Amino acid sequence: GIYNEKFRPQIHFSPPSKWMNDPNGLVYLDGEYHLFYQYNPNGNTWGPMHWGHAISKDLVYWQHLPIALYPDEHGMIFSGSAVYDENNTSGLGTAENPPLVAIFTYHDSEAKKSGEEDVQSQGIAFSTRGRSWTKFSQNPVLSNSGRPDFRDPKVIWVNNKWVMSIAVKDKIQFFSSPNLINWTFESDFNPEWANYEGVWKCPDLFPLTLPSGEEKWILLVSVISGGPQKGSATQYFIGDFDGKTFTTDLSQIRWLDYGADNYAGVTWSNIPDADGRRIFIGWMSNWYYAQKTPTSPWRSAMTLPRELKLIGTDKKFALKSSPIDELNKLRKTSQYKYGSVISLEEPLVELELVPELNDFSISFSNIKGEIVTLNKSGDDLSFDRSNSGKVDFQNGFGAVHHVALEGLDIYQVQIFLDNSSQEIFINGGQVTLTNLLFPNESYDKVTLQGFKDKFTLHYLSSIW
Ligand code: FRU
């Protein structure tokens, strides 16, 4: 299809039409990256949730596929994950054709209406190549037992068993299973000093190796509100996991992204060892205003896919999210530019800049006088979208965002500009700022201050 409506992302995944939120069921198999997503096929706001589906060979170009999971008698299909059950531990495939298994939350809104607490439980479904899915006949596999919120199971294979991380209101719980069907409670994680302003959601637990070779475990936890720019955001913890309990030593709140629009992100499972990357994608929106953004006939997009790397354990900015190398395919033309005011001939761009001074700023503006600015002044990094275009669909969308750099030295700035977003990667992703923008005309002018005179400008091609 030609997805070229006003504000339609051209270098980001978005559904053909209707409402999308969280990425779900991220799994790689036989040359295909699967992306499922929270989807309401009936409208342009949140509603009865399904799993929409798309596949890609490279995480850049996407092919839309039919809806994978529909609500059933247990409820709507909320967020969750998918794994390749290579040893057929579930018995839901065969030794020759091991199954993909999706693990998701059932949300029973009818129960909620009748005042019951018991509204969320976990179900599974299986498939051979991810094209058509069969729900397990004895769903749910993990019932609620009085937990107030009980959702977004993310499953990995650790020490010869399956481990599920799941969000339970204000904590993460870990369960284990030999077969994805029978689950045993292992432990809770809810350190006192973490951010609890919003309900905890969408956990993801995985190991990463430090440059020293030491292995650490990362736990991502999204919060619906209370993020660094007020609304939804994702915090992360660095620690150790022994197959039962996650422990973390440093009491430091850390955010995966300091923009307003990177939430509910998780990573792909079953990436081949020869690749070895930990690849992440987030929902590029914020519950604060997600249902009001001025787009139609679709609503919401995913972030660019990022590779997560751990560069230390003691600093606030310890986890890097770098744009994946495959995104270089989008570069149509690349040129060196000189000067401090340049005009853009096309709307889809990637810029690579090197700061020269300690303080710097970069603005994108258009003929209507709409402008968006990244500014560094001492230890304060700010992002101002107050006059960036359409901002009044929600009070506060136009707020100025701040990041306290805590002495971080900035040596590189990379920016991806799409029709309705800007992603800024600082020092290869040590600090990232992912933000939606709705300019009434494309930004066609860049104004620089405090950067080296020579920088790189790439014009990008559309993925559609
Ligand atoms: C997060 C979330 C999840 C839930 C899904 C419902 O954005 O609230 O916790 O599974 O969205 O669509």
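Note that the structure is a prediction, hence the values are computed from the model and not measured. (Residues numbered from 1 in each chain as written. Predicted model: local features only at pLDDT ≥ 70, side-chain atom pairs only at ≥ 80, totals over all residues. Heavy atoms only, no water.)

*Asks:* What exactly am I supposed to notice about the UniProt feature "domain: Glycosyl hydrolase family 32 C-terminal" (unreviewed entry) in the protein here?
*Replies:* Cross-referencing UniProt, the feature "domain: Glycosyl hydrolase family 32 C-terminal" (unreviewed entry) maps to residues 357-454 in the present numbering. In residues 357-454, the share of helix is 0% and the share of strand is 51%. The end C-alpha atoms are 14 Å apart. (UniProt positions renumbered as here; feature names shortened; annotations may be inferred. Helix = DSSP H or I, 4+ residues; strand = E, 2+ residues; numbered from the N terminus.)

*Asks:* How should I be thinking about the sheet that holds strand 29 (residues 400-404) in this particular structure?
*Replies:* Note: strands within a sheet are paired through backbone hydrogen bonds, in either parallel or antiparallel orientation. Strand order in the open sheet formed by six strands is 24-33-26-27-28-29, and the pairing between neighbours is antiparallel. The open sheet has two edge strands with one neighbour each: strand 24 (341-343) and strand 29. On average, each strand axis in the sheet is inclined to that of its neighbour by 10 degrees, with strand direction left out of account. (Pairing = 2+ DSSP bridges. Axes fitted to C-alpha atoms, helices over the stretch in contact; angles between N-to-C directions.)

*Asks:* Could you clarify how one ought to interpret the packing of aromatic side chains in this entry?
*Replies:* To describe a pair of aromatic rings, you give the distance between the ring centres and the angle between the ring planes. Following the criterion strictly, the structure yields 35 aromatic pairs and no others. Centroid distance phenylalanine 189 to phenylalanine 237: 5.0 Å. Interplanar angle 80 degrees. Geometry classified as edge-to-face. With phenylalanine 189 in strand 12 (residues 184-189) and phenylalanine 237 in strand 15 (residues 233-241), this pair connects stretches of sequence that are 48 residues apart. When sorted by exposure, phenylalanine 189 lands in the same class as phenylalanine 237, which is buried. (Phe/Tyr/Trp six-rings, centres within 6.5 Å; stacked < 30°, edge-to-face > 60°. Buried < 20%, exposed > 50% of the residue type's maximum accessible area, 1.4 Å probe, protein only.)

*Asks:* Can you walk me through empty space enclosed by the protein in this structure?
*Replies:* Here the idea is plain: a probe the size of a water molecule rolls over the atoms and shows the empty space left. Taken as a whole and assessed by the stated rule, the structure comprises five cavities of 30 Å³ or more. By volume, the largest cavity amounts to about 110 Å³. Lining the largest cavity are Phe7, Pro9, Met284, Ser285, Thr293, Thr295, Trp298, Ser300, Ala301, Ser420, Leu436 and Phe438. (1 Å grid on protein atoms, 1.4 Å probe; cavity = no way out; pocket = protein on both sides within 12 Å on 5 of 7 lines; lining within 4 Å. Points joined across faces, edges and corners; volume = space filled by probe spheres on them.)

*Asks:* I'm lost on the pattern of salt bridges in this one. Help?
*Replies:* Pairing is possible between side chains of opposite charge, provided their charged atoms come close. Within the structure shown, the criterion is met by 20 salt bridges. Note that glutamate 186 is salt-bridged to lysine 244, the shortest N-O span being 3.2 Å. Of this pair, glutamate 186 sits in strand 12 while lysine 244 sits in the loop between strand 15 and strand 16 (246-247), and the two are 58 residues apart along the sequence. Lysine 368 is the salt-bridge partner of glutamate 441, the closest N and O atoms lying 3.5 Å from each other. Of this pair, glutamate 441 sits in the loop between strand 32 (431-436) and strand 33 (445-449) while lysine 368 is found in the loop between strand 26 (360-365) and strand 27 (371-377), placing the two residues 73 residues apart along the sequence. Through salt bridges that share partners, Glu32, Arg129 and Arg131 make up one connected network. (Salt bridge = Lys/Arg side-chain N within 4 Å of Asp/Glu carboxyl O.)

*Asks:* Got a minute to help me understand the layout of surface pockets in this structure?
*Replies:* Taken as a whole, the largest pocket spans an internal volume of roughly 810 Å³. When residues of the lining of the largest pocket are traced back to their parent elements, those giving at least two are strand 5 (76-84), strand 9 (151-158), strand 13 (200-209), strand 14 (215-223) and strand 21 (306-310). No other element matches strand 9, which puts four residues into the lining of the largest pocket.

*Asks:* Looking at this structure, how should I read the site of the ligand?
*Replies:* The immediate surroundings of the ligand are formed by Asn21, Asp22, Gln38, Trp46, Met49, Phe78, Ser79, Arg151, Asp152, Lys201, Tyr263 and Trp287. Arginine 151 is positioned such that a nitrogen or oxygen atom in its side chain is 3.3 Å from an oxygen atom of the ligand. Separating an oxygen atom of the ligand from a side-chain N or O atom of lysine 201 is a distance of 2.7 Å. Isolated, the ligand exposes 320 Å² of accessible area, and the fraction of that covered by the protein chains is 97%. Listing elements by their share of the shell around the ligand, those giving two or more residues are strand 1 (18-29), strand 5 and strand 9. (Near = heavy atom within 4 Å. Polar contact = N/O pair within 3.5 Å; in protein donor to acceptor, adjacent residues only side chain to side chain. Areas by Shrake-Rupley, 256 points an atom, 1.4 Å probe, with all protein chains shown as cover.)

*Asks:* When you look at the nonpolar core in this model, what are you seeing that I'm missing?
*Replies:* Side chains of nonpolar character tend, in soluble globular proteins, to be buried together. Core analysis: the largest hydrophobic core is formed by 52 residues, its most contacted members being Ile362 and Phe364. Counting residues per element, this core draws most heavily on strand 14, at four residues. Aside from chain neighbours lying at most four places away, what touches isoleucine 362 is Leu351, Leu353, Val372, Thr373, Leu374, Ile415, Val446, Thr447, Leu448 and Phe451. (Core = buried A, V, L, I, M, F, W, Y, C linked by side-chain atoms within 4.5 Å. Contact = heavy atoms within 4.5 Å.)

*Asks:* Quick question: what am I supposed to make of the environment of histidine 458 here?
*Replies:* Here histidine 458 shows up in strand 34 (residues 454-460). Each C-alpha atom, one on histidine 458 and one on phenylalanine 425, is 15 Å from the other, the two residues being 33 residues apart in sequence. Not counting the four nearest positions on each side in its chain, histidine 458 is found in contact with Arg331, Thr333, Ser334, Leu348, Val349, Glu350 and Glu352. Here glutamate 352 takes part through its side chain, which lies 2.8 Å from a polar atom of the side chain of histidine 458.

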